Amino acid sequence: MKMASSPSPFFFLLLLLALFPSSLSEIRFSEIRNDDRFIVPFDQFGFTHKGRLELNVSKISLSNSNLDLSKVGFFLCTFDSWLHVLQQLEDGEIVCALQSDLIKSVYTFNSLNKKDSFNILYNETDADQYNLVFANCHPQQLKVSMDVKSAMYNLDGKSGVRDYLSAGKTILPRVYFLFSLVYFALAALWISVLYKKRLTAFRIHYFMLAVVILKALNLLCEAEDKSYIKRTGSAHGWDILFYIFSFLKGISLFTLIVLIGTGWSFLKPFLQDKEKKVLIIVIPLQVIANIAQVVIDESRPFGHDWVTWKQVFLLVDVVCCCAVLFPIVWSIKNLREAARTDGKAAVNLMKLTLFRHYYVVVICYIYFTRVVVYALETITSYRYSWTSVVAAELATLAFYLFTGYKFKPEAHNPYFVIDDEEEEAAAEALKLEDEFEL
């Protein structure tokens, strides 16, 4: 059956929505122009037993109004329900998703009665995570243009106050705020350490302080962003600050990992050409990743290019994560060579152990935040979707603590004390590296 094969693109869109669930569903305004897609997903939201959907659609224009418009309209469905709808279409039980008894029809265009707009308030009493979807079961014959304003929210059980954050995400403002306080406390502690050890502090240690402060500001802005969305459905400009600090935090963190991996400042006062090339690659890629993230967050899955930008973001993120490992591997290689020289083996072996540990921790951090957290988002019920955020933030906090503790300035730390013997050892290591490259 021809219609049976049509929904397959939406299957993959919903699959992406399941893997990368939307964290919020503020009031949204979307413009659809000459769209002939069979399915257009708009947003995802976790409803409680007091869920509401406000849908305001205006400037409706249909390329052919003589078709059966009961097969054109909006509906809500869960991911599991859509899988069964696909099976119904494959089996020929229905020819349009709107005919299924597994979806919840919100509005069909046969009710327009020649109007070009409509408003509807839909009450959802079955608690679950739903996708708001537009269906056009005449994709080859009908193109649709319209302006869509949607708002999904839950009502508080006692006060009846609107909560525009999805169920399971409603405590995120407090979570982000508490973590921001932790990082501000860490920044204050690091300032104290730098003051006490100012004679043995290197430039990398002050850069660490900047990274911690940017992380704290990023979390604070995200807390305010979510708080305003929770109460009003709009970020009121806090999303711009969040994107700015997220951009700075991302670039600074990856740069810090590269600089530590090269031993810059505390092992050697300069970067080699190949290490500079890593930074030249990582920083522009982080710019692209942040642009992609903004497009993904602002366009949501109804955009034509949403999937493309999601793929770009994932690809760039993987490339960045792999690139930052190279300097650590090079340092391990150089220290292994230097450890074979007479008289310097003990010190170099201690440094080698430190960099090996750091290499393992960086890999674990990347794996956990990129793979385990996404898996946790997928398998966890929408009611507990906040747990993936907490897990990611705890892993990041642990990584920051490990980095600060292992690379803190210490007067008697053999990793950072560069005396005459250390300088000779560094020169010998560089000589060995040059010979190896030749």
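Calculation rules
- Positions within a chain are numbered from 1, following the residues in the order the chain's sequence is written.
- For a predicted model such as this one, the threshold for reporting local features is a pLDDT of at least 70, and the threshold for listing and counting side-chain atom pairs is 80 or more; totals across whole chains, interfaces and linings nevertheless cover every residue.
- Hydrogens and waters are ignored; side-chain quantities use all the structure's heavy atoms.
- A cavity here means a set of 1 Å grid points, computed over protein atoms only, where a 1.4 Å probe fits but cannot escape. A pocket is an open set with protein on both sides within 12 Å along at least 5 of 7 lines, and lining residues have an atom within 4 Å of a point.
- Grid points are joined across faces, edges and corners, and a volume is the space filled by probe spheres set on the points.
- Here a helix means four or more residues in a row that DSSP labels H or I, a strand means two or more in a row labelled E, and each is numbered from the N terminus.
- Any residue outside Ala, Val, Leu, Ile, Met, Phe, Trp, Tyr, Cys, Pro, Asp, Glu, Lys and Arg is labelled polar, Gly included; the first ten of those are nonpolar and the last four are charged.
- One less than the residue count of a helix, multiplied by 1.5 Å, gives the span that helix is expected to have.
- Working definition: rings of Phe, Tyr and Trp (its six-membered ring) pair if their centres are within 6.5 Å, and the pair is stacked with planes under 30 degrees apart, edge-to-face with planes over 60 apart, and tilted otherwise.
- The criterion for a charge sitting over a ring is simple: Lys NZ or Arg CZ within 6 Å of the ring centre, and within 35 degrees of the ring normal.
- Summary of the burial criterion: residues with accessible area below 20% of their type's maximum are buried, those above 50% are exposed, and those between are partly exposed, where the area comes from a 1.4 Å probe applied to protein chains only.
- Contacts are assigned to residue pairs with any non-hydrogen atoms lying within 4.5 Å of each other.
- Any two strands with at least two DSSP-identified bridges between them are counted as paired.
- The axes used here are C-alpha line fits, helices contributing only the stretch in contact, and every angle between their N-to-C directions lies in the interval 0 to 180 degrees.
- Salt bridge, as used here: a side-chain nitrogen of Lys or Arg that lies within 4 Å of a carboxyl oxygen of Asp or Glu.
- A pair of cysteine sulfur atoms is labelled a disulfide when the two atoms are within 2.5 Å.

Digging into empty space enclosed by the protein
Then, number 1: Enumeration over the complete set of coordinates arrives at 1 cavity of 30 Å³ or more.
Then, number 2: As a volume, the largest cavity reaches approximately 30 Å³.
Then, number 3: If you go around the largest cavity, the residues you meet are Tyr 243, Ser 246, Asn 290, Gln 293 and Val 294.
Then, number 4: Taken together, the elements giving at least two residues each to the lining of the largest cavity come down to helix H6 (238-262) and helix H7 (273-299).
Then, number 5: Top contributing element to the lining of the largest cavity by residue count: H7, with 3 residues.
Then, number 6: For the lining of the largest cavity, a count of residues per class yields 2 nonpolar, 3 polar and no charged.

A closer look at helix H5 (residues 203-232)
Then, number 1: The end-to-end C-alpha separation of H5 is 43 Å, in line with the 44 Å expected for 30 residues at 1.5 Å each.
Then, number 2: Just downstream of H5, Gly 233 is the residue with a positive phi angle, here 85°.

Digging into the packing of aromatic side chains
Then, number 1: Within the structure shown, the criterion is met by 17 aromatic pairs.
Then, number 2: In this structure, Lys 226 is placed above the aromatic ring of Phe 242, and the distance from its NZ or CZ to the ring centre is 5.6 Å.
Then, number 3: In this arrangement the basic side chain of Arg 231 is found over the ring face of Tyr 228, its NZ or CZ atom lying 4.7 Å from the centre.

Some points on the environment of Thr 262
Then, number 1: Looking at where Thr 262 falls in the secondary structure, it is placed in helix H6.
Then, number 2: According to the relative accessible area criterion, Thr 262 is buried, its value standing at 3%.
Then, number 3: Counting along the chain gives 65 residues from Thr 262 to Pro 327, while the straight-line C-alpha distance between them is 5.2 Å.

A short note on helix H4 (residues 172-196)
Then, number 1: Compared with the 36 Å implied by 1.5 Å per residue over 25 residues, the 36 Å span of H4 between its first and last C-alpha is a close match.
Then, number 2: Against H5 and helix H11 (386-406) lie the buried residues of H4.

As for the environment of Tyr 374
Then, number 1: One can find Tyr 374 in helix H10 (residues 345-379).
Then, number 2: With relative accessibility at 25%, the residue Tyr 374 sits in the partly exposed group.
Then, number 3: Note: C-alpha distance between Tyr 374 and Ser 388 (14 residues apart in sequence) is 7.7 Å.

Observations regarding the sheet that holds strand S2 (residues 39-47)
Then, number 1: With antiparallel pairing, the 4 strands of this open sheet are ordered in space as S2-S7-S4-S5. Each edge of the sheet is formed by a strand with only one pairing partner; in this case those strands are S2 and strand S5 (104-108). For this sheet, the mean inter-axis angle between neighbouring strands, taken without regard to orientation, is 20°.
Then, number 2: Across 8 bridges, S2 lies against strand S7 (residues 128-136) in antiparallel orientation. Of the residues in S7, the one forming a bridge with Gly 46 is Gln 129.
Then, number 3: Sitting on the sheet, helix H3 (residues 79-91) is in contact with S2, strand S4 (72-77) and S7, with an inclination near 125° to S4.

Regarding the pattern of salt bridges
Then, number 1: For the coordinates displayed, the defined rule picks out 12 salt bridges.
Then, number 2: A salt bridge links Arg 33 to Asp 147; its shortest N-O distance comes to 2.8 Å. Here Asp 147 lies in strand S8 (residues 144-155) and Arg 33 lies in strand S1 (residues 28-35), a separation of 114 residues in the sequence.
Then, number 3: Bridged by salt links that share partners, the residues Arg 33, Lys 59 and Asp 147 form one connected network.

Digging into the state of the cysteines
Then, number 1: For the coordinates displayed, the defined rule picks out 1 disulfide.
Then, number 2: What pairs with Cys 96 in a disulfide is Cys 137, and their sulfur atoms sit 1.9 Å apart. Residues Cys 96 and Cys 137 share a disulfide whose torsion about the S-S bond is about 70°; that sign makes it right-handed. Pair noted here: Cys 96 is in the loop between H3 and S5 and Cys 137 is in the loop between S7 and S8, with a separation of 41 residues, a long-range link. Cys 137 shares its class with Cys 96; the two are buried.

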